[in-house]
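# Residue-level structural notes
Spelled out, the chains give:
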Amino acid sequence: MSRLTVAQRANVPPFHVMDMLERAAQRQRTYADLISFTSGQPSTGAPRPVNAEAVRLLQSGDPLGYTPSIGILELRQAIATHHRAWHGIEVSPDDVIVTTGASGGFLAAFLAAFDTGDRVAMARPSYPCYRNVLAALGCEVVEIPTGPAERFQPTVEQVRDLHERVGLKGLVVASPANPTGTMLLPEELAALARYCEEEGIQLISDEIYHGLTYASDDSRGRSAWETSRDAVVFGSFSKYFSMTGWRIGWLLAPAHLRRAIDVLVGNFTICPPALAQHAAVAAFSPETYAELDGHVTRYATNRRLLLDGLTSLGVTEMAPADGAFYVYADVSRWTDDTMTWCHQILDRTGVAMAPGVDFDPVDGHRFVRLSFAGSTSEIEQGLDRLATVLH
């Protein structure tokens with residue numbers, strides 16, 4: 001028997017959505033009838049100007065070698081301009097670090113900001129990779145239970161009470177959030193940012209779903225940097241920009257963490273993917289924004305269709321889907337084990353959903369997450385199939 005072992009830090013839960021995606025792919029290969037409400041990614045490809053620039057770069061024969069570890073200047077300048085246009089804040093290219101997807105940025109920022117044993121708070125439910133990456137790094141994750149009363153977002157009162165009781169080194173927030181789609185009200189985000197700055201709590205603000213919002217004021221989403229430059233802010237090309245597999249994201253780094261994050265990303269990946277960086281500069285053209293806003297219009301149609309359709313089927317407890325492209329629904333009328341239930345629904349109907357236990361290890365057995373990022377016809381077909389089992 002080998003005496004070699006797996007490191008204890010690797011003993012984190014799996015991301016069950018990925019398992020569900022594999023089961024869904026098997027269903028498609030066998031029956032070719034899959035309707036997927038599972039995947040947290042757009043069903044569209046990269047914008048036309050980005051694709052055209054990638055083709056031009058590949059045909060040019062340019063070597064596309066290593067870039068600066070924090071990203072090429074042209075892309076950092078474009079991202080800074082993007083933040084000024086969307087959020088009305090002054091951002092310098094020096095504030096921007098381009099990363100290998102937002103996920104690569106999470107790892108680097110968590111390592112730069114937190115030591116082993118530090119307590120970092122986040123809402124429950126929330127994106128599981130925050131919890132799992134922090135746990136793998138030896139941090140103590142402290143979850144803040146949220147529900148309809150808090151609109152599935154942490155409040156200043158909850159954070160203050162937790163900090164006074166256990167002492168926090170960090171707080172992770174997301175607005176819009178995965179899996180709920182809920183958004184912090186502007187005054188709530190500002191209050192959290194001020195409190196964290198005053199108390200020396202490192203705020204991590206996940207803003208990767210900005211642009212995917214459905215409020216009547218046409219807001220793209222509010223940024224923590226509107227209030228505090230001590231926060232770490234994340235952006236991504238994966239969601240609004242429809243470039244998931246290109247693995248390109250960015251963060252706005254506060255001055256006290258900038259050099260540390262630069263050093264870490266240089267050691268981890270040398271640099272983000274060069275082709276994706278150069279092509280992504282074209283993601284900020286007026287033509288691209290117009291194309292992407294067309295996707296948001298479709299998401300808005302799908303959102304209303306899914307919310308109304310689920311309500312008509314008796315699914316009446318859902319998180320406010322302010323943004324992103326998810327509906328987080330309480331299905332405890334039908335099951336208290338959504339992991340098993342989702343597999344059963346897939347087998348019976350060909351409709352794939354994400355079980356809530358990924359996002360909430362305590363109450364997630366009552367919830368499912370449904371993505372409305374697909375086509376409108378898929379939403380309609382999926383609801384028709386669900387009607388055969390939700391009765």
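Residues numbered from 1 in each chain as written. Predicted model: local features only at pLDDT ≥ 70, side-chain atom pairs only at ≥ 80, totals over all residues. Heavy atoms only, no water.

## Some remarks on the packing of helix H6 (residues 156-166) against helix H7 (residues 186-199)
Where H6 contacts H7, the axes come no closer than 10 Å and their chain directions differ by 20°. In terms of axis orientation, H6 runs roughly parallel to H7. Along this stretch, H6 crosses H7, giving a crossing that reads as right-handed. Within the contact between the two elements, H6 uses Val 156, Val 159, Arg 160 and His 163 and H7 uses Ala 191, Leu 192, Tyr 195 and Glu 199. For the contact of H6 with H7, the residue count by class is five nonpolar, one polar and two charged. (Axes fitted to C-alpha atoms, helices over the stretch in contact; angles between N-to-C directions. Helix = DSSP H or I, 4+ residues; strand = E, 2+ residues; numbered from the N terminus. Parallel < 35°, antiparallel > 145°, perpendicular 65-115°, else oblique. Left-handed = near helix turned anticlockwise from the far one by under 90°. Contact = heavy atoms within 4.5 Å. Nonpolar A, V, L, I, M, F, W, Y, C, P; charged D, E, K, R; others polar.)

## Focus: the environment of Thr 340
On the secondary structure map, Thr 340 appears in helix H11 (residues 338-349). In this structure the C-alpha to C-alpha distance between Thr 340 and Leu 134, which are 206 residues apart in sequence, comes to 27 Å.

## Concerning the domain arrangement of the protein chain
For the protein chain, the assigned domains read domain 1 (8-45 + 288-388) and domain 2 (48-284). For domain 1 and domain 2, the distance between their C-alpha centres works out to 24 Å. Each partner contributes residues to the interface: domain 1 has 35 residues there, and domain 2 has 41 residues. When domain 1 packs against domain 2, the two sides together hide about 3,300 Å² of surface, and 56% of this comes from carbon and sulfur. Sorting the residues of domain 1 by area buried against domain 2 places Tyr 289, Asp 322 and Phe 359 first, and these three jointly supply 19% of that buried surface. The shortest N-O distance in the salt bridge between Arg 220 and Asp 293 comes to 2.9 Å. When residues of the side of domain 1 that touches domain 2 are assigned to their parent elements, the largest contribution, nine residues, is made by helix H10 (residues 286-312). (Domains from an automatic or database assignment. Buried area = accessible area lost by both parts, 1.4 Å probe. Salt bridge = Lys/Arg side-chain N within 4 Å of Asp/Glu carboxyl O.)

## So, the packing of helix H1 (residues 16-31) against H11
Contact pair H1 / H11: the axes reach a minimum separation of 11 Å and the direction vectors enclose 15°. Our classification of the angle between H1 and H11 gives roughly parallel. The two elements H1 and H11 meet at a crossing, and its hand is right-handed. For the pair H1 and H11, the contacting residues are His 16, Met 20, Arg 23, Ala 24 and Arg 27 in the first and Met 339, Cys 342, His 343, Leu 346, Asp 347 and Thr 349 in the second.

## What about the side chain of Ser 205?
Tracing the sequence through the fold places Ser 205 in strand S6 (residues 202-206). Here Glu 207 takes part through its side chain, which lies 2.8 Å from a polar atom of the side chain of Ser 205. Once residues within four sequence positions are removed from consideration, Ser 205 is found in contact with Val 173, Ala 224, Val 232, Val 233 and Phe 234. (Polar contact = N/O pair within 3.5 Å; in protein donor to acceptor, adjacent residues only side chain to side chain.)

## Section: the pairing of strand S4 (residues 140-145)
The pairing of strand S3 (residues 119-124) with S4 spans six bridges and is parallel. Its bridge partner lying in S4, Met 122 is registered against Glu 143. Each parallel crossover has a hand, and the one from S3 via helix H5 (residues 128-136) to S4 is right-handed. (Pairing = 2+ DSSP bridges. Right-handed = clockwise from strand over helix to strand, strands pointing away.)

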